[in-house]
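Listed here are the chains, written in short residue letters.
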Amino acid sequence: LLSSPKADPARDVLLRFELDAAGKAGPIQRTSLRSYLSATEPFKSFGIIPSKENGIDAEGLAVWSQRLYVGFRGPVLRGNFTPILRCRFGSPIAEPELLFVNLGGRGVRDLARVEGGLLILAGPVGDGPGSYQLYLWDGRDGVPGTGAHTSAINPGLHLIGDLPIPPSDANGHETPAKAEGMALIEETSHHWKILVVFDGLKDGHATRFRVEKP
């Protein structure tokens, strides 16, 4: 018998605040995605499944054109489609729109705003082994069919390549590292420099990568 995962109000919150020139944080505004997720498919049907077993798990967040983009590690749906929620911050959130990307069965681990779209760090839904990849997404819904905004000739999602996973020691032994977070450090007309942190390695093993633009 399945039952809904136990609610954790401390983790069920989305915060917004601004930093002044001195780096001091202003007033904190709070909201939650819970009411939207509980009332909207496919999230409504996946609410009783633990997050790391293809349940609901929001892990990526970016801001683009005054809208929030929330990437989900799970659920990954039939056809390998992973949801990304686009909305405006508010209480409740405003103008929600659900978009889908095909990450080859992977979920979103993080998002980063770059020129022309978002970088997507994609990885396994669960905690088991699997590969990690980088994609460039232009924000268009990837579900095929009548009225679709993308096509095989004009896709909105471009695979950049696999993300190397650092070894756990100097001897190159296999590591339990999982790519969990990403930040853009530098962007030029030819490349991005990104910083990736890893769960399972000491202090996150923050690693810089230079990524050539497609």
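Residues numbered from 1 in each chain as written. Predicted model: local features only at pLDDT ≥ 70, side-chain atom pairs only at ≥ 80, totals over all residues. Heavy atoms only, no water.

Spatial strand order, β7-β8-β9-β10: 4 strands in an open sheet with antiparallel pairing. Strand pairing shows two members of the sheet lacking a second neighbour, β7 (107-114) and β10 (157-162), which therefore form its edges. Each strand of the sheet is rotated relative to its neighbour by a mean of 25°, with strand direction disregarded. Note that strand β9 (residues 133-137) and β10 share 5 bridges and pair antiparallel. Residue pairing across strands places Gln133 opposite Asp162, the latter belonging to β10. (Pairing = 2+ DSSP bridges. Helix = DSSP H or I, 4+ residues; strand = E, 2+ residues; numbered from the N terminus. Axes fitted to C-alpha atoms, helices over the stretch in contact; angles between N-to-C directions.)

The subject of this paragraph is the side chain of Arg86. Its location among the elements puts Arg86 in strand β5 (residues 81-88). Overall, the relative accessible area of 16% leaves Arg86 in the buried class. Side-chain polar atoms of Arg86 contact the side chain of Tyr69, separated by 3.1 Å. Among the polar contacts made by the side chain of Arg86, one reaches the side chain of Glu97 at a distance of 2.7 Å. Non-local contacts of Arg86, meaning those with residues more than four positions away in its chain, are made with Arg67, Leu68, Tyr69, Glu95, Pro96, Glu97, Leu99 and Gly139. (Buried < 20%, exposed > 50% of the residue type's maximum accessible area, 1.4 Å probe, protein only. Polar contact = N/O pair within 3.5 Å; in protein donor to acceptor, adjacent residues only side chain to side chain. Contact = heavy atoms within 4.5 Å.)

Looking at where Glu53 falls in the secondary structure, it is placed in the loop between α2 (43-46) and β3 (57-64). Residues Glu53 and Val125, spaced 72 residues apart in sequence, show a C-alpha to C-alpha distance of 7.2 Å.

Quick look at the pattern of salt bridges now. On inspection of all chains with the given rule, the structure shows 13 salt bridges. Ionic pairing is found between Asp12 and Arg34, a salt bridge with its closest N-O pair at 3.2 Å. Highlighted residues: Asp12 in the segment before β1 (14-16) and Arg34 in helix α1 (residues 34-39), separated in sequence by 22 residues. Among the residues examined, Asp12 registers a relative accessible area of 26% and is labelled partly exposed. By relative accessible area, which is 42% here, Arg34 ends up partly exposed. Glu180 serves as the salt-bridge partner of Arg73, at 4.0 Å between the closest nitrogen and oxygen. You can see Arg73 sitting in strand β4 (residues 67-74) and its partner Glu180 sitting in strand β11 (residues 178-187), a full 107 residues away along the chain. When salt bridges that share partners are traced, they join Glu59, Arg73, Arg109, Asp127 and Glu180 into one network. (Salt bridge = Lys/Arg side-chain N within 4 Å of Asp/Glu carboxyl O.)

Turning our attention to the packing of aromatic side chains. Evaluated as defined, the whole model comprises 3 aromatic pairs. Here the aromatic rings of Tyr69 and Trp137 are separated by 6.0 Å at their centres, their planes lie at 80°, and the arrangement is edge-to-face. Of this pair, Tyr69 sits in strand β4 while Trp137 sits in strand β9, placing them 68 residues apart in sequence. We classify Trp137 as buried; its relative accessible area is 1%. One aromatic cluster in this structure is built from Trp64, Tyr69 and Trp137. (Phe/Tyr/Trp six-rings, centres within 6.5 Å; stacked < 30°, edge-to-face > 60°.)

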